[in-house]
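Coordinate analysis (summary)
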Amino acid sequence: MSTTAAVVVYGATGHTGRFVVAELRRRGLAAVVSGRDAARLEALAAEWGDVVVRPAAVDDPDALDRALAGAAAVVNCAGPFAVTGGPVVEAALRAGIPYVDVAAEIEANAAMFADHAEAARRTGTPVVPAMAFYGGLGDLLVTAAMGEWTAAETVEVAYGLSGWHPTPGTRTAGEVSHRRRAGRRVRFADGALQYHDDKASEREWHFPEPLGRRAVVAEFTMADVVTVPSHLAVPDVRTHMTVEAARDLAGEDTPAPEAVDDLGRSDQTFVVDVLVRADGVERRATARGRDIYAITAPLAVEAVRRILAGRTRTTGLASAGAMFDAADFLRSLAPHLAVELPH
């Protein structure tokens, strides 16, 4: 198979990477599978039959360059992104091709903006970090809810998950973040990331029906605290998580997600509920769907498709809400995602 205009999926053998490869193939886009484990990549290629294998370790720049040679774009699905993000985006910038990743790690996303924005701007290369359930989806919902507003006083993103069976990659990334923070918690307040030792607290959140009123862990901080303030004037961004999902994630014995349909999705459901407030006015945007890992694939692949088609609002490094028409992007994800946006 020719790799002309193919999309490289780095970390293709991981749980989310497999969803991304499947979504590319479903949309008729050629895929190159890459990562450090050549044997697992070859097994994946044998399973699908129409993908090209190009192994590469993140500490081998020459191998990364060969993996990306002649490709149209790269989607980085390999966590922890504190390790893979820099080398893969630098390879993409050398190749002059768009880079998209699915990082949920707050510090890795912050580092992406801090370390690579200038090079992406200078070369005009599109770079979209956190193009996933955490970070990208919330940013799109917030941007759509803001509409014509250029600023807001507060943004809250509440995650109503029926449960959270974390993948091994999620656990590893969480451990890396925990070590980088020295066990401290993080929030975005007064216009900056703040690390603190305050104990977690619970509150109630009134999700749209049928979820209704649920207990959430307040300030269960996710990547939205990086993506949203990167382009919107909001000094206070807070994210919350249903108590059941937070407990699942914390549980050492919580199993990995188990497929229950032909698409490989689990039976997990979610509601992401966004509230933005400015001058006494409140706006809401909501998204509903199934399987937080599976929904990342159409988010990331739609981002690649729009970048390659020139359907972007800026260039260089930008979050989803800054790069794309947020409302149109969200509506294009049907039937994967059901959205309710302000009129």
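As shown above, the structure is provided for reference.
Attention in this report is confined to the structure presented alongside it. (Residues numbered from 1 in each chain as written. Predicted model: local features only at pLDDT ≥ 70, side-chain atom pairs only at ≥ 80, totals over all residues. Heavy atoms only, no water.)

Before going further, it helps to examine the overall build of the protein chain. Per the secondary structure count, the protein chain includes 12 helices and 15 strands. In terms of overall dimensions, the protein chain is globule-like: its C-alpha atoms have a radius of gyration of 19 Å, near the 20 Å expected for 343 residues. Here the C-alpha coordinates of the protein chain stretch approximately 55 × 45 × 40 Å along the principal axes. Across the 343 residues in the protein chain, those meeting the buried criterion constitute 56%. Taking all contacts inside the protein chain whose residues are at least 6 apart in sequence as the whole, residues at least 24 apart take part in 71%. A gap of 2 Å separates the mean positions of the 35 positive and 45 negative side-chain charges of the protein chain. (Helix = DSSP H or I, 4+ residues; strand = E, 2+ residues; numbered from the N terminus. Rg over C-alpha atoms; globule rule 2.2 N^0.38 Å. Buried < 20%, exposed > 50% of the residue type's maximum accessible area, 1.4 Å probe, protein only. Contact = heavy atoms within 4.5 Å. Lys, Arg positive; Asp, Glu negative; His and termini not counted. Charge placed at Lys NZ, Arg CZ, Asp CG, Glu CD.)

Now for the pairing of strand E4 (residues 73–76). Of the two faces of E4, the one holding Ala73 and Val75 and the one holding Val74 and Asn76 are both buried throughout. Looking at chain direction, strand E1 (residues 7–10) and E4 are connected through 4 bridges and run parallel. Across the sheet, the residue bridging to Val8 is Val74, located in E4. Strand direction decides the pairing type here: E4 and strand E5 (residues 99–101), joined by 3 bridges, are parallel. Counted as the bridge partner of Asn76 is Asp101 from E5. With helix H4 (residues 81–95) bridging E4 and its parallel neighbour E5, the resulting β-α-β unit is right-handed. (Pairing = 2+ DSSP bridges. Right-handed = clockwise from strand over helix to strand, strands pointing away.)

Assignment of secondary structure puts Glu107 in helix H5 (residues 106–123). With a relative accessible area of 9%, Glu107 lands in the buried category.

Further remarks concern the environment of Ala114. Assignment of secondary structure puts Ala114 in helix H5. Residues Ala114 and Arg203, 89 residues apart in the sequence, show an inter-C-alpha distance of 33 Å.

Time to look at the packing of aromatic side chains. Under the criterion given, the structure shown has 7 aromatic pairs. Centroid distance Phe133 to Phe270: 4.8 Å. Interplanar angle 65°. Geometry classified as edge-to-face. Here Phe133 is found in helix H6 (residues 133–146), whereas its partner Phe270 is found in strand E13 (residues 269–278), with 137 residues between them in sequence. As far as burial versus exposure is concerned, Phe133 and Phe270 are alike and both buried. Considering the side-chain rings of Trp205 and Phe207, the 6.4 Å spacing of their centres and the 55° angle between planes classify their relative orientation as tilted. (Phe/Tyr/Trp six-rings, centres within 6.5 Å; stacked < 30°, edge-to-face > 60°.)

The omega torsion across Gly79 and Pro80 is -5°, close enough to zero to call that bond cis. Take Pro80: it is sitting in the loop between E4 and H4. The omega angle of the peptide bond from Glu209 to Pro210 is 15°, so this bond is cis rather than trans. With respect to the secondary-structure elements, Pro210 resides in the loop between strand E10 (201–206) and strand E11 (213–218). Backbone geometry places Ala130, a non-glycine residue, at a positive phi of 55°. In this fold, Ala130 is placed in the loop between strand E6 (127–128) and H6. For Ala130, a relative accessible area of 1% puts it in the buried group. The backbone of Asp190 sits at a positive phi, close to 55°, despite the residue not being glycine. Examined against the element boundaries, Asp190 turns out to sit in the loop between strand E8 (185–189) and strand E9 (192–196). Using a relative accessible area of 71% as the deciding quantity, one classes Asp190 as exposed.

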